[in-house]
Amino acid sequence: MPERIEWLDDGTAGGSPFSPRFGDRYRSELGGLDQAKEVFLKGCGLPAAWAGQPQWTVLETGFGLGLNFLVTWAAWKADPDRPHLLHFVSTEAFPASAADVLRSAQTHAELIPLAEQLQAQLWGLLPGFHRLVFEGGQVLLTLCIGDAKAMLREQSFEADSVYLDGFSPQRNPDIWDVHTFKAVARCCRRGTRVATWTIARSVRDGLAQCGFVVKKVPGIPPKRDNLQGEFNPAWEPKKAQPPPARRAPGSCVVIGAGLAGAAVAASLARRGWQVTVLDAAEEPAAGASGLPAGLLAPHVSPDDNPLSRLSRHGIRATLQQAEALLQAGDWGRTGVLEHAVEHPRKRPEAWRADWAEAAGDWSRPAETAQLAQCGLPPDAPALWHARAGWIRPAALVEAWLAAPGVVSYGRSVVGRLSHASGQWLVWDAQGRELARVELVVLAAGYASRALAAGAEAANTGELALQAIRGQVSWGRHEPGTAGALPAFPVNGHGSLAPAVPLAGEASGLAWVMGSSFERDNPKAEIRPEDDHHNFSRLQTLLPETARALAAQFEAGHVQSWAGVRCATPSRLPMLGPLADGLWVCSGMGSRGLSFAALCGELLAARLHAEPLPLEQRLADALAPQRAPAA
């Protein structure tokens, strides 16, 4: 449940927030705005320190009610010399509700518009990382829910500014102990500025032990002094995995104009890269991303395994992109009902108690009324995925490829890659040079395997990528059928998107069902028997709906689409470097809509030494895998 807050009547709008857990106020007795501005922002030399920088990263050890973030965001927004990209990474063990965060800002009218945007994204805050996106992707908040020490072990970046915040050392000593300061120090470079409101001797001694040089400075009432300093250890810090140097944007070729390639192109372009996308087909999204409509729904498992956690990271990222870029006819956040036909989907035990509300924002047991809308009995095993829906993948691809800095060319068949003088040369099948760039990203689905194997200087071997052919069946809404369709998509044994607006010159709605799953077939041929297979699965998934659609199948009014997906043995995407300047982003299987936006941001973050949008252990799990030797 969200952290309980008591609002004390102190004459201000909304009152003063008080924590019963720690017996302490969330902000200074005279209000938190001056503290946020004077202690933290100015204490770290901001905004002057970030002037003209391409990116700036602030690390905070206690998010609380988000006031420091809002003040920093407002200062960035008002500064004509602001960095192109502002990262704000904050840890919080006991997250407040979105309503309390907004209520806290009511005292400060200038922050309310920003607080409303923040409130809208504060949902589903289960333990772990949550990447929230503002200002068209130029302000990125990475909210890390959990113990600060554990959360910071899952990051790999160098902060430019550090806000040490939290309840007083006497009330919450864990956030101020030397182990937390060591975790913070691992995220600092020499010269990183640090600021805090407390001058407790234990804090000063702990910071000094971890390499911070600090001093007292005049405070703001009612505090006489504050603490400022910088990370400047007398020794040379040793880091197990030093973060890479921040890379300046340059020129890049992305091979593949599907979801994976378009997402990478857009993420790099937002950071200043000039991106050329090459695809063998005449138009973008001609492969698996040409699916008429796909479902976006999280994976749920009792142990909350990597696939489950990664799917939530990815769905949040995709929803942010869809809301910013797509029109109503190209997607719908309708929710998705998962009918667990083969075996019940069990949620993690911790979701039922400590994190019930946050978990319910994602997935909860389906209600009787929802089951009835699908013609299912009240005891049918099913989950309701609230933050889910359907998307037309080609529309998302088109929006990403329209980003400033991206150009896309069809009928550009890449034959091989070579490396010379620090650049990658891209050649067509006839041996003509197509491009000469600093960075190449292979995002061509199963075709990435052959390109990687033949790339000079890469020494990659065969990537563990598998071609999986799939066919969906679809048809128009006909008189008498619309009423038998559920009001929202359903998955669990195949899937059904019941009401997808027809694209192009056609009008009306269509239902889309599927999909078949054929391993090791790289050909996208249409097979009539696959339509029968899809219908057979629908009879199990939604018996009443299948009876209503049977006449369309019998009359031959059903149309088909086939594509070839690309998967890995782990069922996780494949993302990582194959050589200096050569990366792969592929293997998303049937979850391209869930994974593409996240992978694009992860690739860009790793190239630019930014804070990661997900936990380090999950990022490591996506490392390219090699196929076993024959």
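Since the structure is predicted, the reported quantities are computational estimates derived from the model, not experimental observations.

**Q** Talk me through the overall build of the protein; I want residue IDs and the actual numbers.
**A** Broken down by element type, the protein carries 17 helices and 32 strands. For the protein, the C-alpha radius of gyration of 26 Å lies close to 25 Å, the compact-globule estimate for 630 residues. Counted over contacts in the protein with a minimum sequence separation of 6, partners at least 24 positions apart contribute 72%. Of the roughly 25500 Å² of accessible surface on the protein, a fraction of 51% belongs to carbon and sulfur atoms. Positive and negative side-chain charges in the protein, numbering 59 and 63 respectively, have mean positions lying 5 Å apart.

**Q** Describe in detail the pattern of salt bridges, supporting the description with residues and values.
**A** What the rule picks out here adds up to 26 salt bridges. Across the salt bridge formed by K149 and D177, the nearest N and O atoms sit 3.6 Å from each other. Of this pair, K149 sits in helix α5 (residues 148-153) while D177 is found in the loop between β8 (159-164) and α6 (178-185), placing the two residues 28 residues apart along the sequence. E462 is the partner of R449 in a salt bridge, and the nearest nitrogen-oxygen pair spans 2.6 Å. With a gap of 13 residues between them, R449 in helix α13 (residues 447-454) and E462 in the loop between α13 and β25 (466-476) connect regions that are remote in the sequence. Of the residues examined, R449 reaches a relative accessible area of 21% and is grouped as partly exposed. One connected set of salt bridges, linked through shared partners, spans R469, E518, E525, R527 and D530.

**Q** Describe the packing of aromatic side chains, and please don't skip the residues or the numbers.
**A** For the structure shown, the criterion picks out 15 aromatic pairs. Each ring, one from F88 and one from Y163, has its centre 5.8 Å from the other, and the planes form 70°; the classification is edge-to-face. Here F88, found in strand β5 (residues 85-92), pairs with Y163, found in strand β8; they are 75 residues apart in sequence, far enough to count as distant. Neither residue differs from the other here; F88 and Y163 are each classed as buried.

**Q** Could you give an account of the sheet that holds strand β19 (residues 389-391), naming the residues involved and the relevant values?
**A** With antiparallel pairing, the three strands of this open sheet are ordered in space as β14-β19-β15. The sheet is open, and its two edges are formed by β14 (294-296) and β15 (331-332), each paired on a single side. Relative to β19, β15 runs antiparallel, the two sharing two bridges. Each residue of the ladder has a partner; that of W331, found in β19, is I391.

**Q** Provide a residue-level description of the side chain of H313, including the pertinent values.
**A** Relative to the assigned elements, H313 resides in helix α9 (residues 306-325). Taking the relative accessible area as the measure of exposure, H313 reaches 12% and is therefore buried. One polar contact links H313 to E615, side chain to side chain, over a distance of 2.8 Å. Those residues in contact with H313 that sit more than four places away from it in its chain are F129, L598, P613, L614, E615 and L618.

**Q** Explain helix α3 (residues 98-105) to me, using residue names and the numbers behind them.
**A** Where burial is concerned, most of α3 is hidden: six out of the eight residues are buried. Within α3, burial applies to A98, D100, V101, L102, S104 and A105. Those residues of α3 that are buried lie in contact with β1 (6-8), α2 (67-78) and α4 (112-121).

**Q** Can you tell me about the sheet that holds strand β22 (residues 423-428), naming the residues and giving the values?
**A** Whenever strands of a sheet pair, they do so through backbone hydrogen bonds, lying parallel or antiparallel. Spatially, β21-β22-β23 is the arrangement adopted by the three strands of the open sheet, whose pairing is antiparallel. Sheet topology places β21 (414-420) and β23 (433-437) at the edges, where each strand pairs with a single neighbour. For this sheet, the mean inter-axis angle between neighbouring strands, taken without regard to orientation, is 20°. Sheet topology note: the β22/β23 ladder contains four bridges and is antiparallel. Its bridge partner being in β23, L425 is matched across the sheet by R436.

The rules behind the values
- Residues numbered from 1 in each chain as written.
- Predicted model: local features only at pLDDT ≥ 70, side-chain atom pairs only at ≥ 80, totals over all residues.
- Heavy atoms only, no water.
- Helix = DSSP H or I, 4+ residues; strand = E, 2+ residues; numbered from the N terminus.
- Rg over C-alpha atoms; globule rule 2.2 N^0.38 Å.
- Contact = heavy atoms within 4.5 Å.
- Areas by Shrake-Rupley, 256 points an atom, 1.4 Å probe, with all protein chains shown as cover.
- Lys, Arg positive; Asp, Glu negative; His and termini not counted.
- Charge placed at Lys NZ, Arg CZ, Asp CG, Glu CD.
- Salt bridge = Lys/Arg side-chain N within 4 Å of Asp/Glu carboxyl O.
- Buried < 20%, exposed > 50% of the residue type's maximum accessible area, 1.4 Å probe, protein only.
- Phe/Tyr/Trp six-rings, centres within 6.5 Å; stacked < 30°, edge-to-face > 60°.
- Pairing = 2+ DSSP bridges.
- Polar contact = N/O pair within 3.5 Å; in protein donor to acceptor, adjacent residues only side chain to side chain.
- Axes fitted to C-alpha atoms, helices over the stretch in contact; angles between N-to-C directions.

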